[in-house]
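# Topology and contacts: notes
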Amino acid sequence: MPVAFRLRTLRHFTRPWEGPWRDERHEFGRAVQELHEHMPTSLSAARLWFWKPSGFYDDEDQSIEMPDLVRPDDDDPLSLGLRTLASHLEQLDLRAFLTPDLFRAPVIWPCMKRLRVEFHLWCPDGTWYFVGPRDENPHPDGGFEITCEQHYPPVAPNEQDDKMDEEYVEDEGSEEEEERQPDMFRTEPLLSKINPLLLAFADALKGMSALEEAELFAYLAWQPSEERQRAYKDVDEAPYNQDRAIYRWGVSYAPGKDGGNGLLTWQVGSWRPQEHVIQQFKALGGEGSEVDITWKPFEFTDKRENEDRGAFY
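In this report, we go over the structure that sits alongside the text. In this text the structure is predicted, and so the values were computed from the model without any measurement.

### Quick look at the pattern of salt bridges
Here the structure, examined in full by the defined rule, presents 18 salt bridges. A salt bridge links Glu-179 to Arg-6, with the nearest nitrogen and oxygen atoms 3.4 Å apart. Separated by 173 residues along the polypeptide, Glu-179 in the loop between α4 (159-171) and β5 (188-189) and Arg-6 in the segment before α1 (8-13) bring together distant segments of the chain. When its relative accessible area of 24% is taken as the criterion, Arg-6 is described as partly exposed. Among the ionic pairs, Arg-116 bridges to Glu-215, the shortest N-O distance being 3.5 Å. Note that Arg-116 is positioned in strand β3 (residues 114-119) and Glu-215 in strand β6 (residues 213-222), a separation of 99 residues in sequence. Assessed through its relative accessible area of 1%, Arg-116 is described here as buried. Accessibility expressed as a relative area gives 17% for Glu-215, which makes it buried. One salt-bridge network, in which partners are shared between bridges, spans Asp-93, Arg-116, Glu-215 and Arg-248.

### Structural notes on the sheet that holds strand β8 (residues 262-267)
An order of β1-β2-β3-β6-β7-β8-β9 is seen for the seven strands of this open sheet, with the pairing classed as mixed. The open sheet has two edge strands with one neighbour each: β1 (45-49) and β9 (291-295). Neighbour-to-neighbour, the strand axes of this sheet turn through a mean angle of 15 degrees, independent of strand direction. Bridge count between β6 and strand β7 (residues 245-254): nine bridges; the pairing is antiparallel. Across the sheet, Tyr-219 pairs through a bridge with Arg-248, a residue of β7. Across the face of the sheet, helix α5 (residues 191-205) comes into contact with β3, β6, β7 and β8 while running at roughly 160 degrees to β6.

Quick notes on the rules
- Residues numbered from 1 in each chain as written.
- Predicted model: local features only at pLDDT ≥ 70, side-chain atom pairs only at ≥ 80, totals over all residues.
- Heavy atoms only, no water.
- Salt bridge = Lys/Arg side-chain N within 4 Å of Asp/Glu carboxyl O.
- Helix = DSSP H or I, 4+ residues; strand = E, 2+ residues; numbered from the N terminus.
- Buried < 20%, exposed > 50% of the residue type's maximum accessible area, 1.4 Å probe, protein only.
- Pairing = 2+ DSSP bridges.
- Axes fitted to C-alpha atoms, helices over the stretch in contact; angles between N-to-C directions.
- Contact = heavy atoms within 4.5 Å.

Here it is as structure tokens:
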């Protein structure tokens, strides 16, 4: 993700070039599909973390236009590649930019026992799974198209880099050097985006006959821009009455043992899934058993721990 530096020189030199970013995702997907029949039987567990989160969540601007990393394909190659890889595993600990293609039906993961999926709020097609508390959603129509002319790094000296070099020398040592201006405000699920992901996850759990536990979650953060913060200055409700709040949003499922009920745990605050989503999860109980549902409150903090206590080790 682009880092929300205040200085445009730093934004320029730290730019994650969209073309190579897109190409790497597509190449990963193709490579996994090619190796599908040649995976070693000894491969039973994997941890794949495709980004390292900032502890203070101070490096993202959720208002900027993002690229479409899926086109020209119709489906996300990386998500489909991970779907194929997971069919070989007993444990998967995943942190990635994902689409519901990860759980595309039919999912047949007969060995999967423990599944942990952290998804980013941003979807690789350039849209977002979450919006602001007042439905703020800049650039709702998806990401911009990547072109060879605009979205690959130059291979020779160029005028723009020279200009940024000169500007950076002038900025060096200033109070704004390396200062960031995050705008983290997406805290409410966007139904048109989150429902397909939740429904696909629920349906995929049916294809994991050995499952012991599974969870799908994201970390939300409230650290708005100065202008957005002023718009919420009269709101006396967490997290909007705080300068910074980081918290976990998600759902987990544990099948019942020895004929007992399964357990579905939602940690989504006051938000509630639509009835057809809840029914899709309840159907996991099958005949003769039910699924108990619990609702956990949010746990607000001002910093995400470096060591994730829920990770598989």
